[in-house]
Amino acid sequence: MQKIRLNILGLSVSQTQSGAYALVLAEEDGERRIPIIIGPVEAQAIAIQLEGLKPPRPLTHDLIKNIALAFDIALLEVTIYKLEEGIFYSELLCEMNGKEIRIDSRTSDAVALALRFRCPIYTSEEILQKAGIVLESDDEDSPVRSMMDEEEPETTGSSYSQYSTSDLQELLNEAIEDEDYEKASIIRDELNKREK
């Protein structure tokens, strides 16, 4: 199988399934995109890592990474190797004591782990031909938005503009402590705006 590298383009609310999200992966050297429907828990695990947020306690994928590191297991790559009846199948290529091991995984979990291990994500030409779509790059109504941005119309960054930087830092810490990552993301964006 010739491997084609994919990058994470973003997350958006699924237009087809209520309560689900679409993870959009993009062909690194091409225009095709693969939308994958995932659950809210997995979407949150991916979004937290994409947004660079640090939960106060390890989430499931963080725990898996910590266990792997404790036992000197490296995640080398993730491969989406099969698409059957609308379901994507993935595997993790791990290395331990010089031996490579392949482990079956749900694609959403594989992507969440790939982000944490900073390893590449691959698929095949066959899967890109079956599931790949091309989005217009100038399309302002593109479905690809960060999951964390979904709350912004209701809670704009300007609602935090009245707070001092130290107050915002305190609010950010509280939001992370409460595991309110959407709020934390908005506050972090306000802090980043001020640093520019």
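Everything here concerns the structure above.
Remember, it's a predicted structure, so these values are computed and weren't measured experimentally.

**Some details on the pairing of strand S5 (residues 87-96)**
Line of reasoning, step 1. In terms of strand pairing, strand S4 (residues 73-84) meets S5 through ten bridges, oriented antiparallel. Looking at S5, one finds that Ile 80 is bridged to Ser 90.
Line of reasoning, step 2. Taking the residues between adjacent antiparallel strands as the criterion, S4 and S5 are bridged by two residues, where Glu 85 takes a positive phi near 50°.

**Points about helix H2 (residues 60-70)**
Line of reasoning, step 1. All buried positions along H2 are accounted for by His 61, Asp 62 and Ala 68. Buried positions in H2, seen along its axis, are confined to an arc of 125° and lie on one side of it. Opposite the packed face of H2, turned more than 90 degrees from it, sit the exposed residues Thr 60 and Ala 70.
Line of reasoning, step 2. Looking at the buried side of H2, the elements it contacts are helix H1 (40-50), S4 and helix H3 (107-117).

**Remarks on the packing of aromatic side chains**
Line of reasoning, step 1. Summed over all chains, the structure comprises zero aromatic pairs.
Line of reasoning, step 2. A cation over an aromatic ring shows up here: Lys 3 above the ring of Tyr 122, its NZ or CZ 4.7 Å from the ring centre.
Line of reasoning, step 3. Lying across the ring of Tyr 89, Lys 82 places its NZ or CZ 4.5 Å from the centre.

**Examining a nonpolar patch on the surface**
Line of reasoning, step 1. On the surface, a cluster of nonpolar side chains totalling about 300 Å² of accessible area is made up of Leu 63, Ile 67 and Phe 71.
Line of reasoning, step 2. Here Leu 63 shows up in helix H2.

**Overview of the pattern of salt bridges**
Here the idea is simple: oppositely charged side chains can pair when their charged atoms come close.
Line of reasoning, step 1. Inspection of the entire model under this criterion finds ten salt bridges.
Line of reasoning, step 2. Among the ionic pairs, Lys 3 bridges to Glu 77, the shortest N-O distance being 3.0 Å. Placement of the pair is Lys 3 in strand S1 (residues 3-13) and Glu 77 in strand S4, with a sequence separation of 74 residues.
Line of reasoning, step 3. Owing to a relative accessible area of 11%, Glu 77 belongs among the buried residues under this scheme.

**Considerations on the packing of H2 against H3**
Line of reasoning, step 1. Two numbers describe how H2 lies on H3: the axes approach to 10 Å, and their chain directions differ by 55°. Overall, the two elements H2 and H3 adopt an arrangement that is oblique. Here H2 and H3 pass one another in a crossing that is right-handed. In contact with His 61, Asp 62, Ile 64, Lys 65, Ala 68 and Leu 69 of H2, H3 contributes Asp 109, Ala 112, Leu 113, Arg 116 and Phe 117.
Line of reasoning, step 2. Residues of the contact of H2 with H3, tallied by class, amount to six nonpolar, one polar and four charged.

**Some thoughts on the nonpolar core**
Line of reasoning, step 1. Counting residues in each nonpolar core, the largest one holds 33 residues, and the members touching the most others are Ile 34, Ile 38, Ile 46, Leu 75, Val 78, Ile 80 and Phe 88.
Line of reasoning, step 2. Counting residues per element, this core draws most heavily on H3, which supplies seven residues.
Line of reasoning, step 3. If sequence neighbours within four positions are ignored, Ile 38 has contacts with Leu 11, Ala 20, Tyr 21, Leu 23, Ala 43, Ile 46 and Ser 108.
Line of reasoning, step 4. Grouped together as the second largest cluster of nonpolar side chains are twelve residues, Leu 168, Ala 184, Ile 187 and Leu 191 included.

**As for the sheet that holds strand S8 (residues 133-134)**
Line of reasoning, step 1. An order of S6-S5-S4-S7-S1-S2-S3-S8 is seen for the eight strands of this open sheet, with the pairing classed as mixed. On the outer flanks of this sheet lie strand S6 (99-106) and S8, each paired with one strand and no other.

**Quick word on the side chain of Glu 27**
Line of reasoning, step 1. Relative to the elements of secondary structure, Glu 27 occurs in strand S2 (residues 21-27).
Line of reasoning, step 2. Judged by relative accessible area, Glu 27 falls into the buried class, the value being 11%.
Line of reasoning, step 3. Within the structure, Glu 27 has its side chain in polar contact with the side chain of Arg 32 (distance 2.8 Å).
Line of reasoning, step 4. The residues contacting Glu 27, other than those within four sequence positions of it, are Ile 4, Arg 5, Leu 6, Arg 32, Arg 33 and Leu 128.

Conventions we followed
- Per chain, the residues get numbers from 1 upward, laid out in the order the sequence is written.
- Side-chain atom pairs in this predicted model are given and counted only at pLDDT of 80 or more, local residue features only at pLDDT of at least 70, and totals for whole chains, interfaces and linings cover all residues.
- As a convention, hydrogens and water are excluded, and side-chain values are obtained from all of the structure's heavy atoms.
- A pair of strands is labelled paired if DSSP reports no fewer than 2 bridges between them.
- For helices the rule is a DSSP run of H or I covering at least 4 residues; for strands it is a run of E covering at least 2, with both sets numbered from the N terminus onward.
- Throughout this description, buried means an accessible area under 20% of the type-specific maximum (1.4 Å probe, protein chains only), exposed means over 50%, and partly exposed covers the range between.
- Directions from the helix axis toward the C-beta atoms define the arc.
- Pairs of residues are marked as contacts when any of their non-hydrogen atoms sit within 4.5 Å.
- Each pair of aromatic rings taken from Phe, Tyr and Trp, with Trp reduced to its six-membered ring, is defined by centres within 6.5 Å and is described as stacked if the planes are under 30 degrees apart, edge-to-face if over 60, and tilted in the remaining cases.
- Here, over-ring charges are defined by two tests on the NZ atom of lysine or the CZ atom of arginine: distance to the ring centre within 6 Å, and angle to the ring normal within 35 degrees.
- Think of a patch as exposed residues, more than 30% relative accessible area, with no salt bridge, where like charges cluster within 9 Å and nonpolar side chains (Val, Leu, Ile, Met, Phe, Trp, Tyr) cluster within 5 Å.
- Per-residue accessibility takes into account occlusion by the displayed protein chains alone, with areas from the Shrake-Rupley method and a 1.4 Å probe.
- The working definition used for a salt bridge is a side-chain nitrogen of Lys or Arg within 4 Å of a carboxyl oxygen of Asp or Glu.
- Orientation is described by lines fitted to C-alpha atoms, with helices fitted over the stretch in contact, and by angles between N-to-C directions that extend from 0 to 180 degrees.
- An angle below 35 degrees is treated as roughly parallel, one above 145 as roughly antiparallel, one from 65 to 115 as roughly perpendicular, and anything else as oblique.
- For a crossing to be left-handed, the near helix must be turned anticlockwise from the far one by less than a right angle; the clockwise case is right-handed.
- Amino acid classes used here: Ala, Val, Leu, Ile, Met, Phe, Trp, Tyr, Cys and Pro are nonpolar; Asp, Glu, Lys and Arg are charged; the rest, including Gly, are polar.
- We define the nonpolar core as a collection of buried residues of types Ala, Val, Leu, Ile, Met, Phe, Trp, Tyr and Cys that are connected through side-chain atoms lying within 4.5 Å of one another.
- Here a polar contact is recorded for every N or O atom pair within 3.5 Å, except that within protein the pair must consist of a potential hydrogen donor and a potential acceptor, and residues adjacent in sequence are included only if both atoms are side-chain atoms.

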